[in-house]
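So you can see what is in the structure, the chains are spelled out below.
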Amino acid sequence: MPEAVVTMDGWYCLHDFRSVDWTAWKYASNEDREEAINEFKELIGQWEETESNKEGSHALYTIVGQKADFMMMILRPTMEELNEIETAFNKSKLAEFTKPSYSYVSVVELSNYMGSANEDDPEIQARLRPTLPKWNHICFYPMDKRRQGNDNWYVLEKDERAKLMYAHGMTGRQYAGKIRQIITGSIGFDDWEWGVTLFAHDVLQFKKLVYEMRFDEVTSRYGDFGSFYIGNILKPDAVEQFLQV
């Protein structure tokens, strides 16, 4: 029987995409809009305090295109904390002017294809419990490993999967310093098997990386992908400008 790979799992992750009802927002009173903005900034302040204490992390981005208007990416040690943060936003004034567009629930994951690794290693811990980069752009997409006929990833022997993943990883290494990647596992948590979140200062690097990886066998033969979401960083001091009418 093909052997399952051992994974190391870190912080739990929520990608929460929201669309703004701009018409309702435009016709809201100045007092309601001010209350919504201030309350949202207070929530962000709480996230920043958590991040400074190394008890979680977050990223806030506006989304380009009609799939959503903004995205909150949250990392926390427990699933319960993710639920609390989601509920806190849902109870906020700003939530009255938004509707959920998409969400993704997962956990930061490192696979152990290349042999045993020490989970207590500080470098491994930093990858499992990362501080999310506040880079200019974000790209998120979910993906599966194909399970169809002769192209079934899960019937390959572990050594063959490791060989393919190594070649795939070598492509990614060419973008070190240009792209930061966070892989989150979602088998049993959401509709896809993994979520891929990429950060870059130059948005074109996403296009270049994803295109090159199309030629890796692990992608061309065994990869299935969901919708792509692309966004620009939304800094706390730019929230009012983003929501200005």
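Our structure's up above, just so we're on the same page.
For clarity, every value in this text was computed on a predicted model and none was experimentally measured.

Peer 1: How do you make sense of the layout of surface pockets when you look at a structure like this?
Peer 2: To find the voids left in a structure, one rolls a probe of water-molecule size over its atoms. Put simply, the second largest pocket is a space of about 150 Å³. Forming the walls of the second largest pocket are Leu43, Gln46, Trp47, Thr50, Arg76, Glu81, Glu84, Ile85 and Ala88.

Peer 1: Explain the packing of aromatic side chains to me, please; I cannot follow it from the model alone.
Peer 2: Both the distance between ring centres and the angle between the ring planes are used here to describe each pair of aromatic rings. Under the counting rule described, the total for this entry stands at 19 aromatic pairs. Taking 5.8 Å as the distance between ring centres and 70 degrees as the angle between the ring planes, the aromatic pair formed by Phe40 and Phe89 counts as edge-to-face. Of this pair, Phe40 sits in helix α2 (residues 30–52) while Phe89 sits in helix α3 (residues 79–90), and the two are 49 residues apart along the sequence. Relative to Phe199, the ring of Tyr61 has its centre 6.1 Å away and its plane inclined at 55 degrees; by these criteria the two rings are tilted. One end of the pair, Tyr61, is in strand β2 (residues 57–63); the other, Phe199, is in strand β9 (residues 194–200), and 138 residues separate them in sequence.

Peer 1: Would you mind showing me how to read the nonpolar core here?
Peer 2: In summary, soluble globular proteins display a tendency toward joint burial of nonpolar side chains. One finds Trp25, Phe40, Trp47, Leu60, Phe70, Phe89 and Leu94 to be the most contacted residues of the largest nonpolar core, which totals 23 residues. Where this core is concerned, the elements lending two or more residues are β1 (7–20), α2, β3 (70–76) and α3. For this core, the element with the most residues is α2, which contributes six residues. Beyond its immediate sequence surroundings of up to four residues, Trp25 is in contact with Val20, Arg33, Ala36, Ile37, Leu94, Phe97, Leu243 and Val245. Grouped together as the second largest cluster of nonpolar side chains are 18 residues, Cys13, Tyr61, Ala68 and Leu132 included.

Cut-offs and rules
- Residues numbered from 1 in each chain as written.
- Predicted model: local features only at pLDDT ≥ 70, side-chain atom pairs only at ≥ 80, totals over all residues.
- Heavy atoms only, no water.
- 1 Å grid on protein atoms, 1.4 Å probe; cavity = no way out; pocket = protein on both sides within 12 Å on 5 of 7 lines; lining within 4 Å.
- Points joined across faces, edges and corners; volume = space filled by probe spheres on them.
- Phe/Tyr/Trp six-rings, centres within 6.5 Å; stacked < 30°, edge-to-face > 60°.
- Helix = DSSP H or I, 4+ residues; strand = E, 2+ residues; numbered from the N terminus.
- Core = buried A, V, L, I, M, F, W, Y, C linked by side-chain atoms within 4.5 Å.
- Buried < 20%, exposed > 50% of the residue type's maximum accessible area, 1.4 Å probe, protein only.
- Contact = heavy atoms within 4.5 Å.

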